[in-house]
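Structure assessment
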Amino acid sequence: MAFDWLSRFHHHMEKEPDYAVKTLAAYRLGMKAKGSIVGVVVQPAPNCCDAAQKLPAAKVYHPDQAPFLPLSGCPQGRRCGCVYRPVMTYQEADKG
Amino acid sequence: MNSMAGVLLRVPLFKLYRKFGWPRMLPLNLTLSPSPKCNSRCLTCNIWMKREDELTLDEWDKVLASLDQAPYWFTISGGEPLMYPHVVELAQLAYERCHPGVINIPTNGILHTIPERVERIARSCPKSQVIINLSLDGVGEKHDIVRGVPGNFKKFEQRLEQLLSLRNQLNNLTIGIHSVVSVFSVDHLDEIIAYADQSGADQFITEIAEPRVELDTVGLPITPSPESYAKAIDRLIAYVERKRFTGVARITEALRVEYYELVKRILDEEDQVIACYAGWVSAHIYADGTVWPCCVRADNLGNLRDHNYDFKEIWFGKKIKEVRQSIAAKECHCPLANASYTNMLHDIGTLARVGTKVLRPGNRRPQAAVGDPGQSAARAAPVRQGAGE
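Below you will find a few notes about this structure. Since we're looking at a predicted model, the values are computed, not measured. (Residues numbered from 1 in each chain as written. Chains lettered and ligands numbered in written order. Predicted model: local features only at pLDDT ≥ 70, side-chain atom pairs only at ≥ 80, totals over all residues.)

Turning to the overall build of chain A, a few remarks are in order. Counting secondary structure elements, chain A contains 4 helices and 2 strands. Starting at the N terminus and walking to the C terminus, you meet the elements of chain A as α-α-β-α-β-α. Relative to the globule expectation of 12 Å for 96 residues, the C-alpha radius of gyration of chain A, 13 Å, shows essentially globular dimensions. Expressed as lengths along the three principal axes of its C-alpha atoms, the size of chain A is roughly 35 × 30 × 25 Å. Sorting the 96 residues of chain A into buried and exposed places 31% on the buried side. Look at the contacts in chain A between residues 6 or more apart in sequence, and 63% of them connect residues 24 or more apart. (Helix = DSSP H or I, 4+ residues; strand = E, 2+ residues; numbered from the N terminus. Rg over C-alpha atoms; globule rule 2.2 N^0.38 Å. Buried ≥ 20, exposed ≤ 12 C-beta atoms within 10 Å, placed from the backbone. Contact = placed C-beta atoms within 7 Å.)

Okay, structure coming up:
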């Protein structure tokens, strides 16, 4: 994947206090307004907490059902490296 | 009024600033994103889904007043900037406060109000060159598919015709076509070039689709492979080099070819290739007042609302130092066009190659950037593209 550094960098960014609320609201709007987004995945950080490790891998959530990041009890707080990623129609099509 | 000569005089000072932290300089290339809202649904962009507590015009005025007359180049970006209800007033404030040489606005061309807004901007900023770049990611239905809006191509054509007619009445207005080269469009770039060539637009520019934090496209497979990009862009370079340009257009086209070559190298080498000056020479102010060095990393350097709307407090503050160190240490690399053109102005190798090309004897038949011999070469100023369309 081109620009892998950016993905790593993004994992290291400190989260705004309203990261989950804002990001999931955006995805909800994106789906409602018929964008090419089909859902959201949680991409755990390499050093993620136990709770994040237990999340089902690559599960595509509806924004209403996605877990809030940072997960409750995450010891890294706003430095939690787990991130949301939108899932797009063209990615799903590529999976066949 | 800011001039290109003034910009060039600042180049050595910026080089010192980047290396030694002195003399302290405000950016000359500034992107303003007053709102993320957009009526396109592009496959390559998710900014339109965002909602922000946007700065008001009064707040923008305070911010712009704090910039003195440093910025030469403003990009008003989005979202769809010409959908932002106060875009005319924002451009006027930027003009009155900073006297920029260029105000550059990308647009998707959808709204029927666009020509009227562009006319008001161009008339109220008479000493700035106003550049409007219409987005085109395919010809006909292909455009509509990439942009996610049925009928968009038809509207693009209507808007292009209206804006070209306006351009003929306004000397400070340049109308360009801008194409994002993504996995969705790379295979039909030839068709887009051919279309742009006969369109009557003053210039045709491209930018590679790259992931950006701003657009929430990190990790999405939108960037063409280095091979497919090189194949497509080499044909564009060959096309540009078959043309004969004079005056300013000769310089700007040489710079564009340099940019396309630079992108190929960045993709191949996965490296900055030339020093990046984002965070020194260029900056971005997002809708909620957050200052970023660039829209790719979108490091939060501070929010202007927390700094009494004084850009200097953030720009010369503590937080930015860490980010500058990271950029200088090449912890990032990207082909962002807006920053890349600024970076090329600060790279001696690039300037030497552009100089050689410009001075090389050639056919002097006057030619504008896309191929309309009737257009003023002065309209072919170097174009950089901000985030969103």
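Following the structure, the description resumes.
The subject of this paragraph is the overall build of chain B. Secondary structure assignment for chain B yields 13 helices and 8 strands. For 389 residues, the compact-globule estimate of 2.2 N^0.38 gives 21 Å, and chain B sits close to it at 19 Å. For the C-alpha atoms alone, the extent of chain B along its principal axes is close to 50 × 45 × 40 Å. Here chain B holds 389 residues, and 56% of them are scored as buried. When contacts within chain B are restricted to residue pairs at least 6 apart in sequence, those whose partners lie at least 24 apart make up 78%.

What follows is about the environment of Ser182(B). All names here are of chain B. Structurally, the position occupied by Ser182 is in the loop between strand S5 (173-181) and helix H7 (189-197). Between the C-alpha atoms of Ser182 and Ser77, which are 105 residues apart in sequence, the distance is 19 Å. In this view, Ser182 contacts Thr44, Ala209, Ile222 and Pro224; residues no more than four positions away in its chain are not counted.

With that settled, consider the packing of helix H3 (residues 87-98) of chain B against helix H4 (residues 114-124) of chain B. Residues and elements named next belong to chain B. For the pair H3 and H4, the least separation of the axes is 9 Å and the interaxial angle reads 15 degrees. In terms of orientation, H3 and H4 fall into the roughly parallel class. Viewed along their axes, H3 and H4 form a crossing whose handedness is right-handed. Along its contact with H3, which presents Val87, Val88, Ala91 and Gln92, the element H4 presents Arg117, Arg120, Ile121 and Ser124. (Axes fitted to C-alpha atoms, helices over the stretch in contact; angles between N-to-C directions. Parallel < 35°, antiparallel > 145°, perpendicular 65-115°, else oblique. Left-handed = near helix turned anticlockwise from the far one by under 90°.)

What follows is about the sheet that holds strand S3 (residues 102-107) of chain B. All names here are of chain B. Pairing is mixed in the open sheet, where 8 strands are placed in the order S6-S5-S4-S3-S2-S1-S7-S8. Looking along the sheet, the strands with just one partner apiece sit at the ends: strand S6 (203-208) and strand S8 (291-292). In terms of strand pairing, strand S1 (residues 29-32) meets strand S7 (residues 282-285) through 4 bridges, oriented parallel. Counterpart to Leu32 in the pairing with S7 is Ile285. (Pairing = 2+ DSSP bridges.)

All right, on to the interface of chain B and chain A then. At the interface, 20 residues of chain B touch 20 residues of chain A. Here the residues of the side of chain B that touches chain A are counted per class, giving 11 nonpolar, 4 polar and 5 charged. (Nonpolar A, V, L, I, M, F, W, Y, C, P; charged D, E, K, R; others polar.)

To continue, consider the packing of helix H8 (residues 226-242) of chain B against helix H9 (residues 247-269) of chain B. All names here are of chain B. Two numbers describe how H8 lies on H9: the axes approach to 10 Å, and their chain directions differ by 165 degrees. Accordingly, the angle class assigned to the pair H8 and H9 is roughly antiparallel. Crossing geometry of H8 relative to H9 is assigned as left-handed. Here Pro226, Tyr229, Ala230, Ile233, Leu236, Ile237, Val240 and Glu241 of H8 come into contact with H9, specifically with Glu253, Arg256, Val257, Tyr260, Lys264, Leu267 and Asp268. Residue composition of the contact of H8 with H9, grouped by class: 10 nonpolar, no polar and 5 charged.

Before going further, it helps to spend a moment on the nonpolar core. Residue and element names in this part refer to chain B. The biggest cluster of nonpolar side chains holds 134 residues, and the ones touching the most others in it are Ala91, Ala94 and Ile103. Top contributing element to this core by residue count: H9, with 8 residues. Aside from chain neighbours lying at most four places away, what touches Ala94 is Leu64, Phe74, Pro100 and Ile103. (Core = buried A, V, L, I, M, F, W, Y, C linked by C-beta atoms within 7 Å.)

In this section: H9(B). Counted at 1.5 Å a residue, the expected span for H9(B) with its 23 residues is 33 Å, and the 33 Å between its end C-alpha atoms agrees. Glu270(B), located one to two residues past H9(B), shows a positive phi value of around 50 degrees. (Expected span 1.5 Å × (residues − 1).)

This part takes up the pairing of strand S4 (residues 129-135) of chain B. Residue and element names in this part refer to chain B. Counting buried positions over the 7 residues of S4 gives 6, a clear majority of the element. Pairing of S3 with S4, which is carried by 6 bridges, proceeds in the parallel orientation. Looking across to S4, one finds that Ile103 is bridged to Val130. As for the winding sense of the linkage, the β-α-β connection from S3 through H4 to S4 is right-handed. Across 6 bridges, S4 lies against S5 in parallel orientation. (Right-handed = clockwise from strand over helix to strand, strands pointing away.)

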